[in-house]
Amino acid sequence: MNHRHLLPTEIDLLLDDEEGFGVAPLKAHVRACPECLSRLEDARVITDAIEELPHFAPSFSFAESIMAQVPVYVPWHVAARDSVRNTVQRWAPASRPARVAVVALAASVASVLTVGILWIVTQTDLLVFATGIADNQLRTLLLTGSREAMTSFFGAQTVALASQAGTMGLALLVGGFLAVTTAATFGLRTIALASSRRRP
Amino acid sequence: MPTALDLSNLPDADVVALAQAGREPAFRELIRRYERPVFSLIYRMIRDRELAEDLAQDTFIKVLNHIDRYRPEFKLSSWLFKIANNVAIDHLRRRQLDTISMDGSPHAATSDAIESTSFEVAGSQESPLEELEAKELGNAIEQAIGQLRPEYRSCIMLRHVEGRSYEEIATTLDLPLGTVKTYIHRARHELRRALEHLKAEGEV
């Protein structure tokens, strides 16, 4: 038996139930030494009593007082995710077979579209040809529409005269039209303002 | 979204993740889990119920307002206790109030205030005699803890009331491990000395 009594730090090691190297001789000493056993038991009574001390409860309004000062923000990515989830939940069919069918249909449409787009992209010549046709069609449509609009505004003879005068004639015609329209708008606005000022 | 019932079964890290996603019930769940330990730690440090409640609220407000900065590799409770300890120590330094009294707050001006700030330790023993003895021992220990230096007080409470390891206490209080061991050792020594009279009276 080791006749040296345990140091306070060694009592602490036993109190903490340490299992490391060197603790076994301390335990053996305590088993054989009534004085050290008594010191250890006294210390353990106190630590046990501390461990049994109760938690105190704050007032009932404690949580509410805290929450009143904690603004709760939903981050944008969470809001976006929730929005998508809600939309899916709203529009997705309730039954599982229907959901599977919708997903299968959507996947089929997406596949067809993807394949079609990829095919068109690979056909460069066809793309250039189709773009040219679309361009011609659009230009013809715009010219025809403009000519018809001008004919309905200025009459066929005026348009014919302007056409004979060439680009300058067309520019004069359009410029004159815009000047008259602007002057008329300005005049009407002035009259309306003068009328509203006179009103009590 | 999980209900309040679901939240109570989740680990802290998951509840914090929900709080970071802006779920108010998760904030309330965190308060529910830690209001008593945090309030108790501060109350035993400050010894003034109203003030301890204010400081405990400050602790939660600081943590919950910065919940987005929480890193899951650390324990939430360690973060809470760290801030709770800091606010309590800061207060004690400001007020130079480093001892507590079992007989009411030193700031209590009226008899009602003294009564409302007195510790009342509940016993959980079986017989009335054992309950009385446990209550007396509990009161004596509360009083002895109140006589410790604030640094010892927080260490001994984290160790024995909250059951933290030495390493956790060192992380929580930003102290070297050796310092924590020294503080706890000295605290135990002082508590044993302070409670020697109970042993002489046969209560310990």
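Criteria and thresholds
- Residues numbered from 1 in each chain as written.
- Chains lettered and ligands numbered in written order.
- Predicted model: local features only at pLDDT ≥ 70, side-chain atom pairs only at ≥ 80, totals over all residues.
- Helix = DSSP H or I, 4+ residues; strand = E, 2+ residues; numbered from the N terminus.
- Contact = placed C-beta atoms within 7 Å.
- Buried ≥ 20, exposed ≤ 12 C-beta atoms within 10 Å, placed from the backbone.
- Axes fitted to C-alpha atoms, helices over the stretch in contact; angles between N-to-C directions.
- Parallel < 35°, antiparallel > 145°, perpendicular 65-115°, else oblique.
- Left-handed = near helix turned anticlockwise from the far one by under 90°.
- Nonpolar A, V, L, I, M, F, W, Y, C, P; charged D, E, K, R; others polar.
- Expected span 1.5 Å × (residues − 1).
- Core = buried A, V, L, I, M, F, W, Y, C linked by C-beta atoms within 7 Å.
- Domains from an automatic or database assignment.
- pLDDT = per-residue confidence, 0-100.

**Student:** Any chance you could explain the overall build of chain B here in plain terms?
**Tutor:** Helix and strand counts for chain B stand at eleven helices and zero strands. Mapped in sequence order, the helices and strands of chain B form the string α-α-α-α-α-α-α-α-α-α-α. Here the contacts in chain B between residues at least 6 apart in sequence split such that 54% fall between residues at least 24 apart.

**Student:** Help me understand the overall build of chain A, please; the structure alone is not making it clear to me.
**Tutor:** Regarding its fold elements, chain A presents nine helices and zero strands. Starting at the N terminus, the α and β elements of chain A follow one another as α-α-α-α-α-α-α-α-α. Scored against the burial criterion, the 200 residues of chain A give a buried share of 6%. Expressed as a percentage of contacts within chain A between residues at least 6 apart in sequence, the contacts between residues at least 24 apart total 37%.

**Student:** I tried to follow the interface of chain B and chain A on my own but got confused; where do I start?
**Tutor:** Interfaces are often sized by the amount of accessible area the parts lose when they come together. The partner chain A presents 30 residues to the 37 residues of chain B that form the contact. If you list the elements that add at least two residues to the side of chain B that touches chain A, you get α3 (24-46), α4 (49-65), α7 (128-147), α8 (150-160) and α10 (177-194) of chain B. Per element, the largest residue contribution to the side of chain B that touches chain A is eleven residues, and it comes from α3 of chain B.

**Student:** Even after reading the chapter, I still don't get the packing of helix α2 (residues 12-20) of chain B against α3 of chain B, so can you show me in this structure?
**Tutor:** The geometry of a pair of packed helices is captured by two quantities: the angle between their axes and the separation between those axes. Residues and elements named next belong to chain B. Interhelical geometry of α2 versus α3 gives an angle of 140° and a closest axis separation of 7 Å. By the criterion of interaxial angle, the relationship of α2 to α3 is oblique. The handedness of the crossing between α2 and α3 comes out as left-handed. Taken together, the residues of α3 that come into contact with α2 (itself represented by Val15, Leu18 and Ala19) are Ala26, Phe27, Glu29 and Leu30. Looking at the contact of α2 with α3 residue by residue, the class counts come to six nonpolar, no polar and one charged.

**Student:** Looking at this structure, I do not really get unusual backbone geometry. What am I missing?
**Tutor:** Negative phi is the rule for most residues except glycine; trans is the rule for most peptide bonds. Residue and element names in this part refer to chain B. Unusually for a residue other than glycine, Arg47 sits at a positive phi of about 70°. Tracing the backbone through its elements, the reader meets Arg47 in the loop between α3 and α4. Taking the C-beta count within 10 Å as the criterion, Arg47 has 24 such neighbours and is therefore assigned buried.

**Student:** Hey, could you run me through helix α7 (residues 124-154) of chain A in this one?
**Tutor:** An α-helical segment advances 3.6 residues per turn. Residues three or four places apart therefore align on the same side. Residue and element names in this part refer to chain A. Taking 1.5 Å per residue, 31 residues should reach 45 Å; α7 reaches 45 Å between its end C-alpha atoms and fits that length. Across the 31 residues that make up α7, only a small minority, zero, are buried. Just downstream of α7 lies Gly155, where phi reads positive at about 90°.

**Student:** What's the story with the nonpolar core in this structure? I'm lost.
**Tutor:** The nonpolar side chains of a soluble globular protein tend to be buried, and buried together. Counting residues in hydrophobic clusters, the biggest one holds 55 residues, and the most contacted among them are Ile42, Leu80, Ala84, Ile141, Cys155 and Ile156 of chain B. Three or more residues apiece are contributed to this core by two domains, here domain 1 (8-119) and domain 2 (123-204) of chain B. The residues touching Cys155 of chain B, leaving out its near neighbours within four places in the chain, are Ile169, Val180, Tyr183, Ile184 and Ala187 of chain B. By size, the runner-up hydrophobic cluster in this structure holds five residues, among which are Leu6, Ile11, Val30 and Cys36 of chain A.

**Student:** Got a minute to help me understand the confidence of the model for chain B in this structure?
**Tutor:** Fine structural detail should not be taken from predicted coordinates in areas where pLDDT scores are low. Residues and elements named next belong to chain B. Of the residues in chain B, 75% reach a pLDDT of 70 or more, and the chain-wide mean stands at 81. Contacts of residues 97-108 to residues separated by more than four positions or lying in other chains number 32 contacts, the stretch itself having pLDDT below 50. The model gives residues 119-126 a pLDDT under 50, and that stretch makes 16 contacts with residues more than four places away or in other chains.

**Student:** Mind showing me how you'd approach the packing of helix α5 (residues 76-95) of chain B against helix α9 (residues 166-173) of chain B here?
**Tutor:** Residue and element names in this part refer to chain B. At their nearest, the axes of α5 and α9 sit 8 Å apart, and the two run at 55° to each other. Relative to α9, the element α5 lies oblique. Handedness of the α5/α9 crossing: right-handed. Residues Ser78, Phe81, Lys82 and Asn85 of α5 form the contact with α9, whose own contacting residues are Glu168, Thr171, Thr172 and Leu173.

**Student:** Just to check I follow, could you spell out α8 of chain B for this structure?
**Tutor:** Among the eleven residues in α8 of chain B, nine count as buried, and that is most of the element. Among the residues of α8 of chain B, those classed as buried are Tyr152, Arg153, Ser154, Cys155, Ile156, Met157, Leu158, Arg159 and His160 of chain B.

**Student:** How do you make sense of the confidence of the model for chain A when you look at a structure like this?
**Tutor:** This prediction gives chain A a mean pLDDT of 84; 96% of its residues lie at or above 70. Considering each helix and strand of chain A separately, the mean pLDDT is smallest for helix α8 (residues 156-165) of chain A, with a value of 77, and largest for helix α4 (residues 62-67) of chain A, with 94.

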